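Coordinates in review
Here's the letter readout for the chains.
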Amino acid sequence: MRAVSSYATAVVTAAILAPGSGAYAQDTKLSVPNVTVTAPAAPVEPPYMRDPWKLYGRNPYFGRYRVEEDKFSEVPCTQTRIAFGQGGKCLQGYRLGFAANSTATNSNNCDMALDVVIDSTGRLTIEADILAFDPYRVTATGSVPAWCYVHVYKDYDQEDFQDMNQVTRRGTNWRNLQINDLQDQWHGGDRLRSIEFSDGPRNCIAVRKPGPVWRGGYIWMMHASICRTDGASVQAQDVAYVLGSLQTRIYDPVNNLRKADDQTTYGPATNSR
């Protein structure tokens, strides 16, 4: 704006000093160009950074537990922990470790993969992510620690769904939050949750689904946004089809001494309940 003001001052000064007689002086019109200044949008903070009291519950890991598609690398879907169809777009995201307590340090044996798949089928568009680890992984330094598991945040709600991925961040008209916590003796529920929303003209649903129970948590945690492209509402059979078709993989090929088809080569620390 300082540059624009200097330019305007120069124009006004020139007009004052110009001769006041003659056709040229009378007909010449000088104008200041229109300049629009747009301030950059403030970065959106994920929910786990907004409330210090809920920070550990939402992100108990060493790393950034947030789907940020523009920061993830596109790789073949055979290399990610989640996939859908053969024509999907797969993104390899952050690698996290689990902090069992405030004094714990990250362990190479407890690497968790946050990967994404974006795909479509029929009248449905899908984006799903998974945070997964290999509970049977064995490296030169040992097997997976006993405290390594995917944590469940029991207060996961609309605020968390709204920041789930790029689709939900565009979402409006949020409604019908469903919390289906089927009781189990270890965790107080399987934490299956969903909520409906709109993405422009499309009706959508966002779902959080946990994987198999493992010690104090789960082997993986999946989130999916499912939208209809025909203006209809997402049906229960749509959700069942997508969740049933998503491929989840827990085997970690990096520095793993165990073969992918061998789940018996592991130490006592990885025995499940």
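Residues numbered from 1 in each chain as written. Predicted model: local features only at pLDDT ≥ 70, side-chain atom pairs only at ≥ 80, totals over all residues. Heavy atoms only, no water.

1. Structural notes on the overall build of the chain
Where we set the bar: Helix and strand assignments come from DSSP, with helices taken as H or I runs of at least 4 residues and strands as E runs of at least 2, each series counted from the N terminus. Type-normalised accessible area, obtained with a 1.4 Å probe on protein chains alone, sets the label of each residue: buried when under 20%, exposed when over 50%, and partly exposed for intermediate values. Contacts are assigned to residue pairs with any non-hydrogen atoms lying within 4.5 Å of each other. Only the protein chains shown count as cover for residues, with accessible areas throughout obtained via the Shrake-Rupley method and a probe of 1.4 Å.
Across its full length, the chain holds seven helices and 15 strands. Buried positions account for 43% of the 273 residues belonging to the chain. Summarising the internal contacts of the chain: among those between residues at least 6 apart in sequence, 62% fall at separations of at least 24. Looking at the chain as shown, the accessible area adds up to about 15,000 Å², and 53% of this sits on carbon and sulfur atoms.

2. Structural notes on the nonpolar core
Heads up, the rule is: Take the buried Ala, Val, Leu, Ile, Met, Phe, Trp, Tyr and Cys residues and link them wherever side-chain atoms come within 4.5 Å; each set so joined is a nonpolar core.
Judged by nonpolar contacts, the single largest core of 46 residues is most densely connected at Tyr61, Met112, Leu131, Phe133 and Leu246. Among the secondary structure elements, those contributing two or more residues to this core are β3 (82-83), β4 (89-98), β5 (112-121), β6 (124-132), β11 (202-210), β14 (220-228) and α7 (236-245). Top contributing element to this core by residue count: β6, with six residues. Once residues within four sequence positions are removed from consideration, Leu246 is found in contact with Ile82, Ala83, Phe84, Val117, Ala128 and Met222.

3. Considerations on the confidence of the model for the chain
The cut-off we apply is this: Confidence of the predictor at the level of single residues is given by pLDDT, which spans 0 to 100.
Overall, the predicted model of the chain reaches an average pLDDT of 81, with 73% of residues at or above 70. Counting interchain partners and residues more than four positions distant, the pLDDT-below-50 stretch residues 1-28 has seven contacts. Below a pLDDT of 50 lies the segment residues 266-273, which in the model reaches 20 contacts outside its immediate sequence neighbourhood of four places, other chains included.

4. Things to note about the packing of aromatic side chains
The line we're drawing: The aromatic pairing rule takes the rings of Phe, Tyr and Trp, using the six-membered ring of Trp, and pairs them if the centres are within 6.5 Å, calling planes under 30 degrees apart stacked, those over 60 edge-to-face and the rest tilted.
According to the stated counting rule, one finds six aromatic pairs in the structure shown. On the basis of an interplanar angle of 85 degrees and a centroid distance of 4.9 Å, the ring pair of Phe72 and Tyr94 is categorised as edge-to-face. Pair noted here: Phe72 is in the loop between β1 (61-62) and β2 (73-75) and Tyr94 is in strand β4, with a separation of 22 residues, a long-range link. Relative accessible area serves as the criterion here: at 8%, Phe72 is assigned to the buried category. Taking relative accessible area as the criterion, Tyr94 reaches 21% and is therefore assigned partly exposed. Their ring planes at 85 degrees and their centres at 4.9 Å tell us that Tyr156 and Phe161 sit as a pair that is edge-to-face.

5. Regarding the pairing of β6
Condition: By definition, two strands form a pair when at least two bridges between them are found by DSSP.
Counting buried positions over the nine residues of β6 gives nine, a clear majority of the element. By the alternation rule, side chains of β6 split into Leu124, Ile126, Ala128, Ile130 and Ala132 and Thr125, Glu127, Asp129 and Leu131, which are all buried. Where β5 and β6 come together, nine bridges link them in antiparallel fashion. Opposite Val116, over in β6, you have Asp129 as the bridge partner. The turn joining β5 and β6, which pair antiparallel and follow one another in sequence, is formed by two residues; a positive phi near 55 degrees is taken by Gly122. Summarising the sheet, β6 and β14 pair through nine bridges and their orientation is antiparallel. Paired with Ile126 across the strands is Ile226, a residue of β14.

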